[in-house]
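Okay, here's what each chain looks like letter by letter:
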Amino acid sequence: MKKSKKIFFGIITIIVLVAIFSIIRKKHELSSFEKPIRYPLVVDASYIHKGELKSFQKFLGEFRPENDALVNAKFNSTVIYIANEGTKVKKGDIIFKLDSKDIESNISAMSFSQKALQNQLESAKTQIEASTTQYINSKKNYERYKDLYSKNVISKVQLEDMENSYKQALANKQAALSKASELANNIKSISAQIDSLNDNLSYCEFKAPFDGIVANKFLNVGDTAIVGKPIIELVGSGRYLIYVTTPIDVALKLKRGDIETAYYNDKPMNAKVEDILQSSQNNLATVKLSVSKNPFNLPAHTYLDVYIYDGKCKGFIVSANSIVKKIDGIYVIGIKNSKAQLVPVVLKVKTPTQACVEGKLENIKKTVVGDESLLQRIYEGQELVEDRGGN
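Residues numbered from 1 in each chain as written. Predicted model: local features only at pLDDT ≥ 70, side-chain atom pairs only at ≥ 80, totals over all residues. Heavy atoms only, no water.

Draft legend 1. Quick look at the overall build of the protein. Secondary structure summary: the protein contains 5 helices and 21 strands in total. Here the C-alpha radius of gyration of the protein, 46 Å, is well above what a compact globule of 391 residues would show, namely 21 Å. In terms of principal-axis extent, the alpha carbons of the protein reach across some 170 × 65 × 50 Å. Residues classed as buried in the protein amount to 34% of the 391 residues present. By sequence separation, contacts in the protein at least 24 residues apart represent 76% of the contacts at least 6 residues apart. Taken as a whole, the protein presents about 25100 Å² of accessible surface, with 52% of it coming from carbon and sulfur. Across the protein, 55 positive and 43 negative side-chain charges occur, with their mean positions spaced 11 Å apart. (Helix = DSSP H or I, 4+ residues; strand = E, 2+ residues; numbered from the N terminus. Rg over C-alpha atoms; globule rule 2.2 N^0.38 Å. Buried < 20%, exposed > 50% of the residue type's maximum accessible area, 1.4 Å probe, protein only. Contact = heavy atoms within 4.5 Å. Areas by Shrake-Rupley, 256 points an atom, 1.4 Å probe, with all protein chains shown as cover. Lys, Arg positive; Asp, Glu negative; His and termini not counted. Charge placed at Lys NZ, Arg CZ, Asp CG, Glu CD.)

Draft legend 2. Main features of the state of the cysteines. A full pass over the atoms with the stated rule returns 1 disulfide. Residue pairing for Cys-313: its cysteine sulfur links by disulfide to Cys-356, the two sulfurs lying 2.2 Å apart. The chirality of the disulfide connecting Cys-313 with Cys-356 is left-handed, given an S-S dihedral of about -65 degrees. Of this pair, Cys-313 sits in strand β15 (residues 302–319) while Cys-356 sits in strand β19 (residues 354–359), and the two are 43 residues apart along the sequence. Taking the relative accessible area as the measure of exposure, Cys-313 reaches 6% and is therefore buried. In this structure Cys-356 comes out as buried when scored by relative accessible area, which is 0%. (Disulfide = S-S within 2.5 Å.)

Draft legend 3. Here's a closer look at the layout of surface pockets. Space inside the largest pocket adds up to approximately 220 Å³. As for the largest pocket, its lining consists of 14 residues, of which Ala-215, Val-235, Leu-298, Pro-299 and Ala-300 are closest to the centre. Contributing elements (two or more residues each) for the lining of the largest pocket: β8 (212–217) and β10 (230–236). Residue classes in the lining of the largest pocket are distributed as 8 nonpolar, 5 polar and 1 charged. (1 Å grid on protein atoms, 1.4 Å probe; cavity = no way out; pocket = protein on both sides within 12 Å on 5 of 7 lines; lining within 4 Å. Points joined across faces, edges and corners; volume = space filled by probe spheres on them. Nonpolar A, V, L, I, M, F, W, Y, C, P; charged D, E, K, R; others polar.)

Draft legend 4. Seen up close, the sheet that holds strand β4 (residues 77–82). Read across the sheet, 4 strands follow the order β7-β6-β4-β9 without closing on themselves; strand pairing throughout is antiparallel. If you trace the sheet from one side to the other, it starts and ends with β7 (205–207) and β9 (224–225), each paired once. When β4 meets β9, the two strands line up antiparallel, connected through 2 bridges. Across the sheet, Ser-77 pairs through a bridge with Ala-225, a residue of β9. (Pairing = 2+ DSSP bridges.)

Draft legend 5. Main features of the sheet that holds strand β3 (residues 68–72). Taken together, the 4 strands give an open sheet; going across it, the order is β3-β10-β8-β5, and neighbouring strands pair in antiparallel fashion. This sheet does not close on itself; its edge strands, each paired only once, are β3 and β5 (88–89). Strand direction decides the pairing type here: β8 and β10, joined by 5 bridges, are antiparallel. Its bridge partner being in β10, Val-214 is matched across the sheet by Leu-234.

Draft legend 6. Seen up close, the pattern of salt bridges. Counted by the stated rule, this structure contains 13 salt bridges. Here Lys-101 and Asp-99 are joined by a salt bridge, their closest N and O atoms 3.1 Å apart. The exposure class of Asp-99 is partly exposed, given its relative accessible area of 24%. The shortest N-O distance in the salt bridge between Lys-255 and Asp-258 comes to 3.1 Å. Overlapping salt bridges, with partners in common, bring together Glu-66, Arg-239 and Glu-274 in one network. (Salt bridge = Lys/Arg side-chain N within 4 Å of Asp/Glu carboxyl O.)

Draft legend 7. A look at unusual backbone geometry. Even without a glycine there, the phi angle at Asn-265 is positive, about 50 degrees. Summarising the element assignment, Asn-265 is placed in the loop between β12 (259–264) and β13 (267–278). Asn-265 gets classed as exposed once you look at its relative accessible area, which sits at 59%. Look at Asn-283: it is not a glycine, yet its phi comes out positive at around 65 degrees. Relative to the elements of secondary structure, Asn-283 occurs in the loop between β13 and β14 (284–291).

Draft legend 8. Highlighting the side chain of Thr-246. The topology assignment puts Thr-246 in strand β11 (residues 240–247). With relative accessibility at 0%, the residue Thr-246 sits in the buried group. Dropping the residues within four chain positions of it, Thr-246 is found in contact with Phe-59, Ala-251, Asn-283, Leu-284, Ala-285 and Val-287.

Draft legend 9. Inspection of a nonpolar patch on the surface at higher detail. Taken together, the side chains of Ile-11, Ile-12 and Ile-15 present a nonpolar region at the surface, about 260 Å² in accessible area. Position of Ile-12 relative to the elements: it lies in helix α1 (residues 2–31). By relative accessible area, Ile-12 is classed as partly exposed at 36%. (Patch = residues over 30% accessible without salt bridge, like charges linked within 9 Å, V, L, I, M, F, W, Y side chains within 5 Å.)

Put into structure tokens, the structure is as follows:
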């Protein structure tokens, strides 16, 4: 029994010694390898400075020329001429024609009816004169007969006959007046219809209301213009406008002449506040801005990002592309002694190019600038090398 125990402990001892020897040999092998070299990360950088940054809110604005006409069909008709897209026109030039034969035929028929009614009205006026004379005479006779009856000069039957004659004369007069009124109303209605048709007739040869360019044509010769559907769009030369809907409290901070900034594909252009207009929606206003030209050749009704002034912020001014949002907060990545230093900050204002922040940045001169994916990968203490192209 004692011999078995000795053999067991001997085996255990050998196993332990073998394991220790293996570990020592492995450490020796690992120590013989060269440690991997960590190369510093090459980054762009931007200077920090204390200062003031204007605060802006971003809104969507509709860009359109000051003169912009989208012409819809007022009635159904066939297009017999339409100007091509890109055609330059002067005020008064015809830009499309519609078939007017049906309108002209209706005007002719209604004019004939109107003339017939006018003749009937003249006859009705003659009837009014005659019935009025009859009524006056009958009234006088009736008053005279009532006096005679009171003196027992005539019988009651004679008075009643005269009364009936008077009532008939009154009824004839009222009927003549009613007939004349009805005819006058019918003439007025037909006149309104003829005026509407004449308006449509003038619309059949639509003339440019201002100098401009045919931006879009929605129909071709031979197509049917459908009431309410667009036929052509004319864009005028001159100023351009941007309409922005904002909360009333934002609009109240603005005044005419203020310069705001609009962006199209991150390209800026200045826009001047022209007016503050009431909006049909509660607690909203429409800001009307103007630009003197169309630098990006934008088509009418293009939507832009418009930054409206909303106040000022004093603090550390950094590049907008140096702000990174991590799980536990917002940071800027400072560069100190060629190493990354993650500094938590409070973001007060951010524009497309700059940001105003609060934080312990007094000892930081530059921050890393880059896209979100790069900033997310940088860790505290990481070695950094500023790219020669950095700011």
